[in-house]
Amino acid sequence: MKPAAFLFDLDGTLVDTEKVWAMAIVDMVVEAGGRTTLDDILGMVIGRNWLDIHAALQERFPMLGGRSPMEDAVVLRSHYEAHAGDPRSMRIEDSISFYRAVSAIAPCAVVSGSPSRDVAAAIEMCGLTDVTRLILGAGDYARGKPDPSGYLKAAELLGVSPSGCVVVEDSTVGVKSGVAAGMKVLALDRSNAVRQDYTGATWRVGSLAEIDVGKEFGQ
């Protein structure tokens, strides 16, 4: 098949940041006087939209004080930066190479649950700004994954049929979102700390380098 567009998740697919964000959330909760674990938070974070994560955190940890998503994002960033080190080390190089290769076939967009500012910074860090047609982040679409609204909005803005799109995802909720949107899904199984379910995916690989781009998508 020759896709009409490629729609990529960000965290865990193009950049390996989810564990770092989870560590930052643990620090934020502990700083506020709460108790939690990295494994516990990872289950809340992987594949999820920041607005949904924030609502769950505020409900579970009232000591966070009812701050807005934007306010907590500012607090969280300082903890994230303390753990992140060199952000370039988080690039998933095989995924970045795949992204650039398929951008020559069809438009590429990123549909992420992270704030749009962070998505744009990550895409720039990956050197993909010039081949990225569209970015959608938290708050740019109606509901977070597994709801299909983000991917459907991306298809609408790109002017393409959902059935012609290929979604590239690494999480259970992301795969469900792409399938619910009526799109083909390429699941990237990088052996996450939290086991994922890729039911419904058309392809499942351990690395995007395993895909023969010309054979799968060039016709």
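Before reading further, recall that the structure is shown in the block above.
The structure displayed is predicted, hence computed values, not measured ones.

Before we go on, may I ask you to explain helix H5 (residues 93-102) in this structure?
Because an α-helix packs 3.6 residues into every turn, residues spaced three or four apart end up facing the same way. By the burial criterion, the buried members of H5 are Ser95, Ile96, Phe98, Tyr99 and Val102. Seen end-on, H5 carries its buried residues on one side only, within an arc spanning 160 degrees. Contacts from the buried residues of H5 go to strand S1 (5-8), strand S2 (108-111), strand S4 (165-169), strand S5 (184-188) and helix H9 (213-217).

Mind showing me how you'd approach the nonpolar core here?
Soluble, globular proteins show a tendency: their nonpolar side chains are buried together. Phe8, Phe98 and Leu186 are the most contacted members of the largest nonpolar core, which has 28 residues in total. Of all the elements in the fold, those that place two or more residues in this core are S1, H5, S2, helix H6 (116-125), S4, S5, strand S6 (203-205) and H9. Residue contacts for Phe8: discarding those within four places in its chain leaves Thr13, Leu14, Phe98, Tyr99, Val102, Cys108, Ala109, Val110, Val111, Tyr151 and Val168. Counting 23 residues, the second-largest nonpolar core is a separate cluster that includes Trp21, Ile25, Phe61 and Met90.

Whenever I open this one, the environment of Asp130 confuses me. Can you help?
Here Asp130 lies in the loop between H6 and strand S3 (134-136). Taking C-alpha positions, Asp130 is 9.9 Å from Ser103, a pair spaced 27 residues apart along the chain. Within the local environment of Asp130, its side chain forms a polar contact with the side chain of Arg100, the two groups lying 2.9 Å apart.

Explain the environment of Arg204 to me, please; I cannot follow it from the model alone.
Position of Arg204 relative to the elements: it lies in strand S6. Arg204 gets classed as exposed once you look at its relative accessible area, which sits at 53%. Put simply, Arg204 and Leu186 are 18 residues apart on the chain and 6.0 Å apart in space, counted from C-alpha to C-alpha. When residues no more than four places from it in sequence are discounted, the contact partners of Arg204 are Ala187, Asp189 and Tyr198. Side-chain polar atoms of Arg204 contact the side chain of Asp189, separated by 2.7 Å.

Looking at this model, I keep getting lost on the packing of helix H2 (residues 38-45) against helix H3 (residues 50-60). Mind explaining?
Packed helices, taken two at a time, are described by their axes: the angle between them and the distance between them. Interhelical geometry of H2 versus H3 gives an angle of 135 degrees and a closest axis separation of 10 Å. Relative to H3, the element H2 lies oblique. On H3, the residues that touch Asp40, Ile41, Met44 and Val45 of H2 are Ile53, Ala56, Leu57 and Arg60. Looking at the contact of H2 with H3 residue by residue, the classes come out as six nonpolar, no polar and two charged.

What exactly am I supposed to notice about the sheet that holds S3 here?
Across a sheet, strands are paired by hydrogen bonds formed along the backbone, either parallel or antiparallel in direction. On the basis of which strands lie adjacent, the open sheet formed by six strands has the order S3-S2-S1-S4-S5-S6 and parallel pairing. The strands lining the two open edges of the sheet, one partner per strand, are S3 and S6. With strand direction ignored, the average angle separating the axes of adjacent strands in the sheet is 20 degrees. Strand direction decides the pairing type here: S5 and S6, joined by three bridges, are parallel. If you follow Leu186 over to S6, its bridge partner there is Trp203. This element, helix H7 (residues 149-158), spans S1, S2, S3 and S4 of the sheet and lies at about 155 degrees to S3.

Is there a simple way to think about the packing of aromatic side chains in this case?
The geometry of two aromatic rings is summed up by the distance between their centres and the angle between their planes. In total, this model carries seven aromatic pairs according to the counting rule given. Between Phe8 and Phe98, the ring centres sit 6.1 Å apart and the planes meet at 65 degrees, which makes this aromatic pair edge-to-face. Remark: Phe98 occurs in helix H5 and Phe8 occurs in strand S1; sequence separation between them is 90 residues. Phe8 sits in the buried class, given a relative accessible area of 0%. According to the relative accessible area criterion, Phe98 is buried, its value standing at 3%. Ring centres of Trp203 and Phe217 lie 5.3 Å apart, and the angle between their planes is 70 degrees; on these two criteria the pair is classed as edge-to-face. With a gap of 14 residues between them, Trp203 in strand S6 and Phe217 in helix H9 connect regions that are remote in the sequence. Like Phe217, Trp203 is buried.

Reading the values: rules and limits
- Residues numbered from 1 in each chain as written.
- Predicted model: local features only at pLDDT ≥ 70, side-chain atom pairs only at ≥ 80, totals over all residues.
- Heavy atoms only, no water.
- Buried < 20%, exposed > 50% of the residue type's maximum accessible area, 1.4 Å probe, protein only.
- Helix = DSSP H or I, 4+ residues; strand = E, 2+ residues; numbered from the N terminus.
- Arc of directions from axis to C-beta.
- Contact = heavy atoms within 4.5 Å.
- Core = buried A, V, L, I, M, F, W, Y, C linked by side-chain atoms within 4.5 Å.
- Polar contact = N/O pair within 3.5 Å; in protein donor to acceptor, adjacent residues only side chain to side chain.
- Axes fitted to C-alpha atoms, helices over the stretch in contact; angles between N-to-C directions.
- Parallel < 35°, antiparallel > 145°, perpendicular 65-115°, else oblique.
- Nonpolar A, V, L, I, M, F, W, Y, C, P; charged D, E, K, R; others polar.
- Pairing = 2+ DSSP bridges.
- Phe/Tyr/Trp six-rings, centres within 6.5 Å; stacked < 30°, edge-to-face > 60°.

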